[in-house]
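A look at the structure
Residues per chain are reported as follows:
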Amino acid sequence: MESSRALASSPLHKTPKSWKERNPRTSFPFATPKQLRTSCSYKRSADKDLTRGVGLGCNGSDESSGFARILKNAVIGLAAAAAVSVSGCDSSALAESLTVAFPASRDIEVNRVQKTLVETWGLIRETFIDPTFNHQDWDSKLQQTMVEMFPLKSADAAYGKISGMLATLGDPFTRIISPKEYQSFRIGNDGNLQGVGMFINTEPDSGRLVILSCIEGSPADRAGILEGDEIVEINGESVAGLSGEVAAQKLRGRVGTTVIVKLVSQQGNDKNGPSQREVRIPREVIRLSPLSSTIIYHQLNDGHMSKTGYVRLSAFSQTAASEMENAIKEMENQGVQSYILDLRNNPGGLMKAGLDVAQIWLDGDGILVNTVDRNGDMLPINMVQSHALTHDPLVVLVNEGSASASEILAGALHDNGRAILVGHKTFGKGKIQSVTELDDGSALFITVAKYLSPALHEIDKVGITPDIQCTPDALNSVAPFQSRDKTKASSLEMDSCIMVAEHALDEVQQSKGTAS
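The name given to the chain in an unreviewed UniProt entry is C-terminal processing peptidase, and the organism recorded there is Rhynchospora pubera. One UniProt comment on the chain, placed under Subcellular location (unreviewed entry), says "Plastid, Chloroplast thylakoid lumen". A UniProt comment under Function (unreviewed entry) is attached to the chain, and it reads "Protease involved in the C-terminal processing of the chloroplastic D1 protein of photosystem II. This proteolytic processing is necessary to allow the light-driven assembly of the tetranuclear manganese cluster, which is responsible for photosynthetic water oxidation."

Next comes the structure, spelled out in structure tokens:
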């Protein structure tokens, strides 16, 4: 799965901070921080400005470190950009400066991209997680790419050379998107989206463009499009070779227009293999809320009826934590006795949102996540006097579609002893990307660090194995339950993982009762 989790209406985003420390006309000075880091602390903030909304301080210091600047534009989602604002432990960074001279193209557009090339090269040189740059001479790579770019006659071809240079790093999450793609990436920050309402992703190994999920009640959902369906054509044009973001642009459009999508479905196959179908989907205004909730009523063995708060979080958007907080407060007022937090098929989003959500459930000053930079230095991120909204038993549902910020949250809740994990092993994306808006309006995503769970468990390419698997054997002795929300009741009643989660919560509550 690549770093782009694209929404066929509009992705979640933040506006990154442009890097201004260079003269794009003739040269590119850059700084390489070389200080050591110890630990950082994290405190929730009501500040809505994502570039300032999180306070991370190292040992009480307000000074700025190089690693802090890297994490300031951190992205933890598969497509949605995340932001954390960090204060470092040591501001005494050593810097080296380099002037890069290059032959200027006579083509104005290509000349502009030449400057973007140098800007990109410098950012990679300073912050990319692998200081060997995939065992190659990165300075020579700039020279080679500049020579290849010089005779080109179009900006698209020149951007292609930058993408080719980045591809040599061997990291699919490090990439550049054009100004047009970036503007599309930023659409919908106010939550008013125009499109079909599905999340899509290009698998890096197969190149297949697959449906991650559909927003409940959206045109795509009403059209019967299912998770795992593959998109092969949009309006009669093949999507082969397209990134998730580019394909999402083709799916978006003005309200009242339609888009024709050809799908290949692996579900309900006949003897001839996967089935194909074309679907005409109307475009509508879609409000993207990452959270839905209901109360599940479950009869205990003693005959009493228990209330379980069910919360499904589909993405770590700007509003995820505040919506989560409101939902829990409301359910606490209704006498809920336990909770299920559903992170299945949640591919990530804002790192800030993931950390904020974790502290809704946790007390104290424990570790939320550990980050490891390019030098192998580890930076634990701790809570600051966190106060949980509830101490009721909690189960977190995960599966192979739970990635990035979902894995950070699941790891934080599990390793701090707050939650039982139920489901299937998570995706295993334990890398952090920064996002920087470049001078020409394009944007550069760079893998700058990796993260480990609070208990130092490796996540990248490994995933998190739940405490309880959703298998037929796990359904033994599970009693039926129901939701008072009839629109959700049938789907919840058929969900085996929710049934297993309910059974696990019953056992927790019964053990507490025995101990008392």
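From this point, the narrative continues.
**Looking at the state of the cysteines**
Counting across every chain of the model gives one disulfide. Across a sulfur-sulfur distance of 2.1 Å, Cys 470 and Cys 497 are joined as a disulfide pair. Of this pair, Cys 470 sits in the loop between β24 (468–469) and β25 (481–483) while Cys 497 sits in helix α12 (residues 496–515), placing them 27 residues apart in sequence. Of the residues examined, Cys 470 reaches a relative accessible area of 11% and is grouped as buried. You can call Cys 497 buried: its relative accessible area is 6%.

**Describing unusual backbone geometry**
A positive phi is found at His 135, a non-glycine position, where the angle reads about 60°. Residue classification places His 135 among the exposed positions, given a relative accessible area of 70%. Of note, the phi angle at Leu 456 is positive, near 65°, even though the residue is not glycine.

**Observations regarding the packing of aromatic side chains**
Applying the stated criterion to the full structure yields two aromatic pairs. Ring geometry for Phe 133 versus Trp 138: centroids 5.5 Å apart, planes at 15°, classification stacked. This pair shows no difference in class: Phe 133 is buried, exactly as Trp 138 is. For Arg 175, the ring lying beneath its charged end belongs to Phe 445, and the centroid distance is 4.4 Å. Just above the ring of Phe 173 sits the side chain of Lys 429; from NZ or CZ to the centre is 4.7 Å.

**A word on the confidence of the model for the chain**
With 72% of its residues at a pLDDT of 70 or more, the chain shows a mean pLDDT of 77. With pLDDT under 50 throughout, residues 1–39 is counted as low confidence; its partners more than four residues away or in other chains account for 192 contacts. Confidence over residues 474–487 falls short of pLDDT 50; this stretch has 33 contacts with residues more than four positions distant or in other chains.

Reading the values: rules and limits
- Residues numbered from 1 in each chain as written.
- Predicted model: local features only at pLDDT ≥ 70, side-chain atom pairs only at ≥ 80, totals over all residues.
- Heavy atoms only, no water.
- UniProt positions renumbered as here; feature names shortened; annotations may be inferred.
- Disulfide = S-S within 2.5 Å.
- Helix = DSSP H or I, 4+ residues; strand = E, 2+ residues; numbered from the N terminus.
- Buried < 20%, exposed > 50% of the residue type's maximum accessible area, 1.4 Å probe, protein only.
- Phe/Tyr/Trp six-rings, centres within 6.5 Å; stacked < 30°, edge-to-face > 60°.
- Lys NZ or Arg CZ within 6 Å of the ring centre and 35° of its normal.
- pLDDT = per-residue confidence, 0-100.
- Contact = heavy atoms within 4.5 Å.

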